[in-house]
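Topology and contacts: notes
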Amino acid sequence: QVQLVESGGGLVQPGGSLRLSCAASGSIFRIYALGWYRQAPGKQRELVATITGGDSPNYADSVKGRFTISKDNAKNTVYLQMNSLKPEDTTVYYCNADVDSRGYGRKIYWGQGTQVTVSS
């Protein structure tokens, strides 16, 4: 199995920055894609950004130009640099990984979520 551990959430003022990290561990054979999603209370989980094994990023229109996704293959870690944060970015952010793990096949895994609050 694969575990995803997130860190980096918190409280920041509008216009500020935060960097989220998510480390994958376990029986990892191959990581096809990593990503970040967010979900506000009463709403569906929505894509924020994803990055493939070939380093091709994809962003939601609402975060283009403000957020940057990157990864460290050696550490099996994905990052989300969030700049120019807005109050509407406030919600729980979830790490996502599309992983082929030894003995378990290819599955989608989720982190436990980290709260981001943008408020003055």
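For the structure, see preceding data.
Residues numbered from 1 in each chain as written. Predicted model: local features only at pLDDT ≥ 70, side-chain atom pairs only at ≥ 80, totals over all residues. Heavy atoms only, no water.

Another aspect to go through is the environment of tyrosine 32. On the secondary structure map, tyrosine 32 appears in strand E4 (residues 28-39). By relative accessible area, which is 23% here, tyrosine 32 ends up partly exposed. In contact with tyrosine 32, other than residues within four places in its own chain, are Thr52, Gly53, Asp98, Asp100 and Arg106. (Helix = DSSP H or I, 4+ residues; strand = E, 2+ residues; numbered from the N terminus. Buried < 20%, exposed > 50% of the residue type's maximum accessible area, 1.4 Å probe, protein only. Contact = heavy atoms within 4.5 Å.)

The subject of this paragraph is the packing of aromatic side chains. Inspection of every chain in the model, using the stated rule, returns 1 aromatic pair. Between tyrosine 37 and tryptophan 110 the ring centres are 5.1 Å apart and the planes differ by 70°, which places this aromatic pair in the edge-to-face class. A residue pair is termed long-range when its members are at least 10 positions apart, and tyrosine 37 in strand E4 and tryptophan 110 in strand E10 (residues 105-110) qualify at 73 residues. Relative accessible area serves as the criterion here: at 38%, tryptophan 110 is assigned to the partly exposed category. Above the plane of the ring of tyrosine 94 lies arginine 45, whose end atom (NZ or CZ) is 3.8 Å from the centre. The ring of tyrosine 32 has arginine 106 lying over it, and the distance from NZ or CZ to the ring centre is 3.5 Å. (Phe/Tyr/Trp six-rings, centres within 6.5 Å; stacked < 30°, edge-to-face > 60°. Lys NZ or Arg CZ within 6 Å of the ring centre and 35° of its normal.)

With that out of the way, let us pick up the pattern of salt bridges. What the rule picks out here adds up to 6 salt bridges. In this structure, arginine 38 engages glutamate 46 in a salt bridge whose closest nitrogen and oxygen atoms are separated by 2.7 Å. Residue classification places glutamate 46 among the partly exposed residues on the basis of a relative accessible area of 39%. (Salt bridge = Lys/Arg side-chain N within 4 Å of Asp/Glu carboxyl O.)

Summarising the sheet, strand E1 (residues 2-7) and strand E3 (residues 18-26) pair through 6 bridges and their orientation is antiparallel. Among the inter-strand pairings, leucine 4 is bridged to a residue of E3, identified as alanine 24. (Pairing = 2+ DSSP bridges.)

Coordinates in, geometry out; function isn't part of it.
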